[in-house]
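# Residue-level structure breakdown
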Amino acid sequence: MSRKQGAEKTLAMRVLEGQGVPYEVIAFPETIHDALGVAEYAGLPAEQVYKTLVVLAEDPGFKPMLIMVAANRTLDLKKVAQAVGAKKVRMARHAEAERLTGLQVGGISALALLKRGFAIYLDEEAILLDAIVVSAGRRGLNLRLSVDALMRLTGATLIPASASESDAEQKRR
C-alpha cells in the first residue's frame, strides 16, 4: 500500500484499509475531470483507468446505477438497458449526478458510495485486467487495486456496458 505523503485519506481509502485490501494512490491535478486525462497524465494504459458514470433507468422501480467503464471506451446505453432489464436508461446530467452521489463529477467512486442505494456495475471488459484504476472519491486522486477486490467490496455485477471508440464512431455515421 502506498500513499502520497500529505494526501488526506478518502472514505474509499478507509474502506480498502478496513478490509485489508492493498492499493496504490495515483494523484493528478484536480483540473483533470475525466479518466482519459488521468490515464494520459499518469502514463497509464487507458483500458486500465475506469470512469464511474451515474445512469438512471426511465422505468420505475430501478435504483440509480453506478457503471464503471474504461477511459478508452464509450458507455452503450442500449447494452446497459438490455443487461439490467430496463426499457430505457440515460446518463444522469452533471448536476443530477452530483446531487445523487454527494460527490463531484470527476471524483465519483463506487467505493465511496457503498450502502448508499446504488446498483453497481462493471463493464465486462474489466475481467481481462488484473488491476484497475478507479476514483478515490475526490477529484485529483485515483486508486489502483485488483479487479477482484473492487468487485468483492462493491458487489459490482459484470455487464456488457460499453463500445470501443471506433464502434461508437461507426454507430454515429
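Residues numbered from 1 in each chain as written. Predicted model: local features only at pLDDT ≥ 70, side-chain atom pairs only at ≥ 80, totals over all residues. Heavy atoms only, no water.

### A short note on the sheet that holds strand β6 (residues 119-123)
By way of backbone hydrogen bonds, the strands of a sheet pair with one another, either parallel or antiparallel. Pairing is mixed in the open sheet, where five strands are placed in the order β5-β2-β3-β6-β9. Single-partner strands in this sheet number two, and they are β5 (89-91) and β9 (157-159). The average angle at which neighbouring strand axes cross in this sheet is 35°, direction not considered. Sheet topology places strand β2 (residues 50-57) next to β5; three bridges connect them, and they run antiparallel. Bridging across to β5, Leu56 finds its partner in Arg90. Each of β2, β3 (65-70), β5, β6 and β9 touches helix α3 (residues 77-84); the most contacted strand, β5, lies at about 130° to it. (Pairing = 2+ DSSP bridges. Helix = DSSP H or I, 4+ residues; strand = E, 2+ residues; numbered from the N terminus. Axes fitted to C-alpha atoms, helices over the stretch in contact; angles between N-to-C directions. Contact = heavy atoms within 4.5 Å.)

### A few points about unusual backbone geometry
Positive phi is not limited to glycine here, since Lys115 has a value of about 60°. Relative to the elements of secondary structure, Lys115 occurs in the loop between α4 (94-101) and β6.

### Brief notes about helix α1 (residues 11-18)
Of the residues making up α1, those classed as buried are Ala12, Met13, Val15 and Leu16. Buried residues along α1 cover an arc of 160° about the axis, so they all sit on one side. The inward-facing, buried residues of α1 abut β1 (24-27), β7 (131-138), β8 (141-146) and α5 (147-154). A positive backbone phi angle near 70° is found at Gly20, which sits one or two residues after α1. (Buried < 20%, exposed > 50% of the residue type's maximum accessible area, 1.4 Å probe, protein only. Arc of directions from axis to C-beta.)

### Comments concerning the sheet that holds β8
Reading across the sheet, the three strands line up as β1-β8-β7 and stay open at both edges, with antiparallel pairing between neighbours. Looking along the sheet, the strands with just one partner apiece sit at the ends: β1 and β7. Taking the axes of each pair of neighbouring strands and ignoring which way they run, one obtains an average angle of 35° across the sheet. As defined by bridge partners, β1 adjoins β8 across four bridges and the pair is classed as antiparallel. When the bridges of β8 are listed, Ile26 appears paired with Asn142. α5 contacts β7 and β8 of the sheet and is inclined by roughly 100° relative to β8.

### Notes on the confidence of the model for the chain
Low pLDDT marks regions whose predicted coordinates should not be analysed in detail. With 91% of its residues at a pLDDT of at least 70, the chain reaches an overall mean of 92. Taken as a whole, residues 1-6 scores under 50 in pLDDT and shows 13 contacts with residues more than four places along the chain or in a different chain. (pLDDT = per-residue confidence, 0-100.)

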